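Listed below are the residues making up each chain.
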Amino acid sequence: MLKTFTPFTLRGDVSLSALETIAQALSFAPCEPGEESSQGWVPPRGIAHGALVEQVGDYYVMQLMTETKAVPGDVLTRAVDAWVAAVEAEHGRKPGKRERRDRREDERLNLLPTAFPRRSAVLALIERGSPARVLIGSSSPARVTDVAVALSGDRQIKALPRATQKPLQALLSASLWADDGEPSFSDLSLGRSATLVGGEPGARSRIRFDNLPLSTEEVREHLTLMAVDKLEMGWRGEIAFTLADNGRWSSIHYLAGLLERRSTDEAADAFDANIALTAPALFGALDAVEGWLGGLQVEEP
């Protein structure tokens, strides 16, 4: 189940066969001894030699693995210091900055094969359609970009960020408040957490409301003076999430309204069941939020 995501539009051939071709061309392989990083697609079910693209109903699931290796800085510093001391003892001179820098790089390359690799995986949940949409399961801009680029393959697919017409502030504009002081959303609801920012660039002020009703006069007064940076929301009593002004979704929780529909069939495949249960709710919430924010900006040709 996704706990965070950044949405993109996918244009081009987003068929199962096209995605399988892209995945096969960039299947994951561990770092070679002298490599610092390696990246590629792995089976999203976590089963060795499994399919690189899984289809569950109207959804495709892929997973990009990144492996990195790095030599700790203090290890390099100690190695260079020991070399400097040896040069001074043998030749009676202290190596200059350029020599130190070159030696540090040599030590890094020598020690890299012994460095322990670290891995991180990012799930991509794709909804079939024209155009298709993908939820990239990361809030890290670098990891999101990695997945978007990897999905593009040899330019067969174009991954485009989904930018809305209005800022997040529009969800809390005065026109959305009913006479009783509650927000007049239909499928969406306000949570109990918000982060507001105000002031000029370089002198920003920030206010965070946590575990408080956001419909109080105090909060509404601040909303007239400050911009919404993050806002906790809910959708149909099925999921709760925090929406950021940059379009990223985080802190996603699946609520009783959704989980009570979970299959009780012990023989059911857990992977398929989770996708079939959560994907419609995630894309449904995305539709609702984008609708309140005026729809998507017109894409450049």
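Residues numbered from 1 in each chain as written. Predicted model: local features only at pLDDT ≥ 70, side-chain atom pairs only at ≥ 80, totals over all residues. Heavy atoms only, no water.

(A) Region of the structure containing the sheet that holds strand β11 (residues 239-244). Judged by pairing direction, the sheet is antiparallel, and its five strands sit side by side in the order β9-β8-β10-β11-β12 without closing on themselves. At either margin of the open sheet sits one strand with a lone partner, and together these are β9 (205-210) and β12 (249-254). In this sheet, adjacent strand axes meet at a mean angle of 15° when their direction is disregarded. Strand direction decides the pairing type here: strand β8 (residues 188-198) and β9, joined by six bridges, are antiparallel. Directly across from A194, in β9, lies its bridge partner F209. (Pairing = 2+ DSSP bridges. Helix = DSSP H or I, 4+ residues; strand = E, 2+ residues; numbered from the N terminus. Axes fitted to C-alpha atoms, helices over the stretch in contact; angles between N-to-C directions.)

(B) Expanded view of the environment of T6. Relative to the assigned elements, T6 resides in strand β1 (residues 6-12). Accessibility expressed as a relative area gives 9% for T6, which makes it buried. Each C-alpha atom of the pair T6 and W249 lies 6.2 Å from the other, and the pair is 243 residues apart in sequence. Non-local contacts of T6, meaning those with residues more than four positions away in its chain, are made with V134, L135, I136, S138, V144 and R248. Separated by 3.1 Å, the side chain of T6 and the backbone oxygen of S138 make a polar contact. (Buried < 20%, exposed > 50% of the residue type's maximum accessible area, 1.4 Å probe, protein only. Contact = heavy atoms within 4.5 Å. Polar contact = N/O pair within 3.5 Å; in protein donor to acceptor, adjacent residues only side chain to side chain.)

(C) Representation of helix α2 (residues 73-91) in the model. The terminal C-alpha atoms of α2, which comprises 19 residues, lie 27 Å apart, in line with the 27 Å expected from a rise of 1.5 Å per residue. If you check which residues of α2 are buried, you get L76, V80, W83, V84 and V87. The arc that holds the buried residues of α2, viewed along the axis, is 105°, so those residues lie on one side. Facing away from the buried surface of α2 by more than 90 degrees, the exposed residues are R78 and A89. Elements that come into contact with the buried residues of α2 comprise α3 (97-111). Just past α2, the residue G92 takes up positive phi, approximately 70°. (Expected span 1.5 Å × (residues − 1). Arc of directions from axis to C-beta.)

(D) Local environment of the packing of aromatic side chains. For the coordinates displayed, the defined rule picks out three aromatic pairs. Pairing F5 with W249 gives two aromatic rings, centres 4.9 Å apart and planes at 25°, and the pair type is stacked. Of the two residues, F5 is situated in the segment before β1 and W249 in strand β12; the sequence distance between them amounts to 244 residues. Just as F5 is buried, W249 falls in that class too. Ring plane angle 20° and centroid distance 5.8 Å describe the contact between Y59 and F283, whose orientation is recorded as stacked. With a gap of 224 residues between them, Y59 in strand β4 (residues 59-68) and F283 in helix α7 (residues 270-292) connect regions that are remote in the sequence. Residue classification places Y59 among the buried positions, given a relative accessible area of 11%. Of the residues examined, F283 reaches a relative accessible area of 2% and is grouped as buried. By the ring-pair criterion, three or more aromatic residues cluster together here, those being F5, F241 and W249. (Phe/Tyr/Trp six-rings, centres within 6.5 Å; stacked < 30°, edge-to-face > 60°.)

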